[in-house]
Amino acid sequence: KEPGCPVCARHLQEIKSDFFWFVNEQYYEPEAIADLRRSYGFCPTHTRHLIKTGASSVITTVFSYLTGYALSRLQEAQALLNHSKDQKNPHDRCRHAAEVLRPQRVCRTCRTQQWWEDHIISIVLQTLPDAEVKEAYESSTGLCLPHFHKAGLRADWDSLSFLTREMRKRVMALRISERS
């Protein structure tokens with residue numbers, strides 16, 4: 001019933017919720033700290049979300065965790081480069097040091113959002129055979145192109161046909177409105 005792509009709308013709700021809980025409860029939990037360290041914090045987009053929370057003490061705390069961890073990884077890589085000079089191939093030393101520096105995980109919010117995106121697309125596809133859901137979808141703005149594509153990769157034939165027809169109607173309506 002909300003305007004716009006239902007997956008995008010839920011995505012925005014979940015980002016707000018994710019950062020609310022992170023700032024209020026999770027940022028100091030050992031699991032969350034370890035997770036942040038393994039990914040070197042949030043991706044640039046989600047770092048901006050963290051900063052927008054305005055929770056200065058949390059931001060300072062999180063970056064202190066990350067700074068200490070990044071420095072320890074840099075020191076470990078440097079030690080590998082310094083103490084491995086007896087190895088024959090310098091490229092192997094550099095590759096090993098690069099492995100030490102490579103993030104071990106993806107941004108925690110990106111992972112959560114990917115889960116939600118997959119979950120909402122699954123719900124749309126599971127409920128699409130219902131006549132009331134189809135009717136509601138027809139009267140909505142439908143899925144955006146990226147989510148239409150993802151849904152299309154997972155949809156059964158009937159759902160894919162329906163989604164494609166609906167997308168075609170929307171695209172044709174846009175073309176007609178551009179000509180006017």
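From a predicted model like this one, the values you see are computed outputs, not experimental measurements.

Novice: Just checking my understanding: could you explain empty space enclosed by the protein for this structure?
Specialist: In this approach, a probe sized like a water molecule rolls over the atoms, and the result shows the empty space that is left. Applying the stated criterion to the full structure yields one cavity of 30 Å³ or more. Roughly 30 Å³ of internal volume is contained in the largest cavity. Taken together, Val-7, Arg-10, His-11, Gln-113, Trp-116, Glu-117 and Ile-120 make up the lining of the largest cavity. Contributing elements (two or more residues each) for the lining of the largest cavity: helix 1 (6–26) and helix 6 (108–127). Of the residues contributing to the lining of the largest cavity, the split by class is three nonpolar, two polar and two charged.

Novice: Help me understand the state of the cysteines, please; the structure alone is not making it clear to me.
Specialist: Any covalent bond linking the sulfur atoms of two cysteines counts as a disulfide. In the structure shown here, the tally under the stated rule is zero disulfides. Among the cysteines around Cys-8, which has no disulfide bond, Cys-144 carries the closest sulfur, lying 3.6 Å off.

Novice: I would appreciate a short explanation of the packing of aromatic side chains in the present structure.
Specialist: We describe a pair of aromatic rings using the distance from one ring centre to the other and the angle between the two ring planes. Scanning the model with the defined rule gives seven aromatic pairs in all. Taken together, a centroid distance of 5.3 Å and an interplanar angle of 85° make the contact between Phe-22 and Phe-42 edge-to-face. Within this pair, whereas Phe-22 is found in helix 1, its partner Phe-42 is found in the loop between helix 2 (30–38) and helix 3 (44–52), the two being separated by 20 residues in sequence. With respect to class, Phe-22 is no different from Phe-42; both count as buried. Here a set of aromatic residues connected by ring pairs shows up, and it is made of Phe-19, Phe-22 and Phe-42. One cation-aromatic arrangement involves Lys-134 over Phe-162; the distance from NZ or CZ to the ring centre is 5.4 Å.

How each quantity is defined
Residues numbered from 1 in each chain as written. Predicted model: local features only at pLDDT ≥ 70, side-chain atom pairs only at ≥ 80, totals over all residues. Heavy atoms only, no water. 1 Å grid on protein atoms, 1.4 Å probe; cavity = no way out; pocket = protein on both sides within 12 Å on 5 of 7 lines; lining within 4 Å. Points joined across faces, edges and corners; volume = space filled by probe spheres on them. Helix = DSSP H or I, 4+ residues; strand = E, 2+ residues; numbered from the N terminus. Nonpolar A, V, L, I, M, F, W, Y, C, P; charged D, E, K, R; others polar. Disulfide = S-S within 2.5 Å. Phe/Tyr/Trp six-rings, centres within 6.5 Å; stacked < 30°, edge-to-face > 60°. Buried < 20%, exposed > 50% of the residue type's maximum accessible area, 1.4 Å probe, protein only. Lys NZ or Arg CZ within 6 Å of the ring centre and 35° of its normal.

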